[in-house]
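Okay, here's what each chain looks like letter by letter:
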Amino acid sequence: MDMIGDNLCRPGFRGCGFLNAAAEYPDPTHRVRVRIAEHRRWFHGVLRAVVRDAGHPDPERVARTLVVLRDGAMVGGYLDDPRAIRATLREAAENLLTS
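This one's a predicted model, so the numbers in the text were calculated from it and none came from an experiment.

What counts, and at which threshold
- Residues numbered from 1 in each chain as written.
- Predicted model: local features only at pLDDT ≥ 70, side-chain atom pairs only at ≥ 80, totals over all residues.
- Heavy atoms only, no water.
- Helix = DSSP H or I, 4+ residues; strand = E, 2+ residues; numbered from the N terminus.
- Contact = heavy atoms within 4.5 Å.
- Areas by Shrake-Rupley, 256 points an atom, 1.4 Å probe, with all protein chains shown as cover.
- Lys, Arg positive; Asp, Glu negative; His and termini not counted.
- Charge placed at Lys NZ, Arg CZ, Asp CG, Glu CD.
- 1 Å grid on protein atoms, 1.4 Å probe; cavity = no way out; pocket = protein on both sides within 12 Å on 5 of 7 lines; lining within 4 Å.
- Points joined across faces, edges and corners; volume = space filled by probe spheres on them.
- Phe/Tyr/Trp six-rings, centres within 6.5 Å; stacked < 30°, edge-to-face > 60°.
- Buried < 20%, exposed > 50% of the residue type's maximum accessible area, 1.4 Å probe, protein only.
- Lys NZ or Arg CZ within 6 Å of the ring centre and 35° of its normal.

Draft legend 1. Structural view of the overall build of the protein. Each helix and strand in the protein was counted, giving 5 helices and 0 strands. Taken from N to C terminus, the helices and strands of the protein fall in the order α-α-α-α-α. Seen along its three principal axes, the alpha-carbon backbone of the protein occupies a region of about 35 × 30 × 15 Å. Looking at the protein alone, contacts between residues at least 24 apart form 59% of all its contacts between residues at least 6 apart. In the structure as shown, the protein presents an accessible area of about 6,500 Å², 57% of it carried by carbon and sulfur atoms. Averaged over its 15 positive side-chain charges, the protein has a centre that lies 5 Å from the centre of its 13 negative ones.

Draft legend 2. Spotlight on the environment of T88. Take T88: it is sitting in helix 5 (residues 82-98). Along the backbone, T88 and T98 are 10 residues apart, and their C-alpha atoms lie at a distance of 15 Å.

Draft legend 3. Representation of the layout of surface pockets. The space that makes up the largest pocket amounts to roughly 240 Å³. Looking at the largest pocket, it is lined by 13 residues, and the ones nearest its centre are M1, D2, L47, V50 and L66. Every element with two or more residues in the lining of the largest pocket is listed here: helix 1 (2-8), helix 3 (31-53) and helix 5. In terms of residue count, the dominant contributor to the lining of the largest pocket is helix 3 (5 residues).

Draft legend 4. Region of the structure containing the packing of aromatic side chains. By the definition in use, this model includes 1 aromatic pair. With a centroid separation of 6.4 Å and an interplanar angle of 40°, the aromatic rings of W42 and F43 are classed as tilted. Owing to a relative accessible area of 52%, W42 belongs among the exposed residues under this scheme. For F43, a relative accessible area of 15% corresponds to the buried category. When the ring centre of F43 is taken as reference, the NZ or CZ atom of R70 above it lies at 5.8 Å.

Spelled out as C-alpha cells, the structure:
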C-alpha cells in the first residue's frame, strides 16, 4: 500500500490507467476490459497471498477490501490532495490488517 500511496504523489499522476481504460471501454467483453479483469484478478491474488502468508485469518476478505481501498485511493489521489490520500490509505490498511 505504501508503494501505491507513493505512486499517487508522483508528478503528473492522473489516476489508474486500468480504471481510466475501464471507463472508456464499458463493454466487459471488449479485449481491453478482459485484460483489465485479468489484471484485477492477478492483483487480488497477490494481495490475498501476502495477507495469507502474513497469517491473517481472513485473507480473502482483506484482499477484497485492499483492492477497494486501492481503487478509491487511485481516484482520490488524482482528484484530491494526494498526500492526504496516501496517509488515509496507509491508515485504513493498517486498521484493516490489525482488526
